[in-house]
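The lines below spell out each chain.
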Amino acid sequence: IAGITQAPTSQILAAGRRMTLRCTQDMRHNAMYWYRQDLGLGLRLIHYSNTAGTTGKGEVPDGYSVSRANTDDFPLTLASAVPSQTSVYFCASSEGRADADTQYFGPGTRLTVL
Amino acid sequence: GQNIDQPTEMTATEGAIVQINCTYQTSGFNGLFWYQQHAGEAPTFLSYNVLDGLEEKGRFSSFLSRSKGYSYLLLKELQMKDSASYLCAVIERDYKLSFGAGTTVTVRA
């Protein structure tokens, strides 16, 4: 069982370019999340999805979009990358229960926007 | 919204005990998580507290006081492999997880 996979592992991107970060889970979890992690700021929620077909905005959604066409996949798109989007991006998933809903994280994507 | 505070760094000696404190202010509370994150890796789940009191898991214990908005993670018999960042995270009534900035623990021989 792979758990959660993310691709690419790292990427250097020119400002203004479009980029999609991929996330796939094989645990049949209902809920999925995208976070960014920056030094001194901790993990911040970008977007989330409670179940396939639904998405919601987190704390820092501007400049990002997501889709949830099926249970397993939750891609994050940067329509026009800017240097402030340089960060480590983590995808996570959880069962979506009402209590003790532990989130499990993918290995992360290190993105540099120049 | 959330306000979650934890110390930035702590250093301890191999075999010792370290206590990482976390204080939080929230408009709604549905539990508190501790995660461990080694450098360059993903966060991994350590513990979950929703009721007041101490939860023990081997060398790691986590405590919660809901009335004080306070939790701590206790690491006993420290090992070199325990050098990592420890993230306190609070889940609110909308079930979204908010993280503190993390505490980097360095274990020295």
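For the structure itself, consult the block above.
What you see is a predicted model; the values in this text were computed from it and never measured.

**Student:** What is the right way to look at the interface of chain B and chain A in this model?
**Tutor:** Put simply, an interface is often sized by how much accessible area is lost when its parts join up. Contacts between the two partners involve 16 residues from chain B, matched on the other side by 19 residues from chain A. Across the chain B/chain A interface, buried area totals approximately 1,400 Å², and carbon plus sulfur atoms make up 61% of it. When residues of the side of chain B that touches chain A are traced back to their parent elements, those giving at least two are strand S4 (32-37), strand S5 (44-49) and strand S10 (97-99) of chain B. It is S4 of chain B that contributes the most residues to the side of chain B that touches chain A, three residues altogether. Of the residues that constitute the side of chain B that touches chain A, the class distribution is eleven nonpolar, three polar and two charged.

**Student:** What is the right way to read the sheet that holds strand S3 (residues 19-25) of chain A from this model?
**Tutor:** What links the strands of a sheet is backbone hydrogen bonding, and the strands pair in either a parallel or an antiparallel sense. Residue and element names in this part refer to chain A. Sheet architecture is open: four strands sit in the order S1-S3-S8-S7, paired in antiparallel fashion. Sheet topology places strand S1 (4-7) and strand S7 (64-66) at the edges, where each strand pairs with a single neighbour. When the angles between neighbouring strand axes are averaged without regard to direction, this sheet yields 20°. The sheet contact formed by S7 and strand S8 (residues 76-78) spans three bridges and is antiparallel. Bridge pairing in S8 links Val 66 to Leu 76.

**Student:** Would you mind showing me how to read the pattern of salt bridges here?
**Tutor:** Once their charged atoms are close, side chains differing in charge can pair, the charge on each being opposite to the other. Residues and elements named next belong to chain A. Taken as a whole and judged by the stated rule, the model has five salt bridges over all chains. Arg 28 is the salt-bridge partner of Asp 72, the closest N and O atoms lying 2.9 Å from each other. Residue Asp 72 is located in the loop between S7 and S8, and its partner Arg 28 is located in the loop between S3 and strand S4 (31-38); the two are separated by 44 residues in the primary sequence. Judged by its relative accessible area of 25%, Asp 72 falls in the partly exposed class. For Arg 28, a relative accessible area of 55% puts it in the exposed group. The salt bridge partner of Arg 44 is Asp 38, with a shortest N-O separation of 2.9 Å. Of the two residues, Arg 44 and Asp 38, neither departs from the other in class, the shared state being buried. What emerges from the salt-bridge pattern is a single network uniting Arg 36, Asp 38 and Arg 44.

Calculation notes
- By convention here, each chain's residues receive numbers from 1 onward along its written sequence.
- Key to labels: chains lettered from A, ligands numbered from 1, both in the order written.
- A pLDDT threshold of at least 70 governs which residues receive local features in this predicted model, and a stricter bar of 80 or more applies before side-chain atom pairs are shown or counted, although totals over entire chains, interfaces and linings include all residues.
- Computation of side-chain values covers all heavy atoms of the structure but excludes hydrogens and water.
- Contacts were defined at the residue level, with two residues in contact if any of their heavy atoms lie within 4.5 Å.
- Computed with a 1.4 Å rolling probe, the buried area is the accessible surface lost when two parts are put together, summed over both parts.
- What counts as a helix is a DSSP run of H or I of at least four residues, what counts as a strand is a run of E of at least two, and both are numbered from the N terminus.
- As a working rule, the residues Ala, Val, Leu, Ile, Met, Phe, Trp, Tyr, Cys and Pro are called nonpolar, Asp, Glu, Lys and Arg charged, and the rest polar, with Gly in that last group.
- We treat two strands as partners when DSSP finds at least two bridges between them.
- Fitted lines through C-alpha atoms serve as axes, helices being fitted only where they are in contact, and the angles separating the N-to-C directions of these axes extend from 0 to 180 degrees.
- What counts as a salt bridge is simple: a side-chain nitrogen of Lys or Arg found within 4 Å of a carboxyl oxygen of Asp or Glu.
- Per-residue accessibility, obtained with a 1.4 Å probe over protein chains only, is compared with the maximum for each type, and a residue is labelled buried under 20%, exposed over 50%, and partly exposed between these values.

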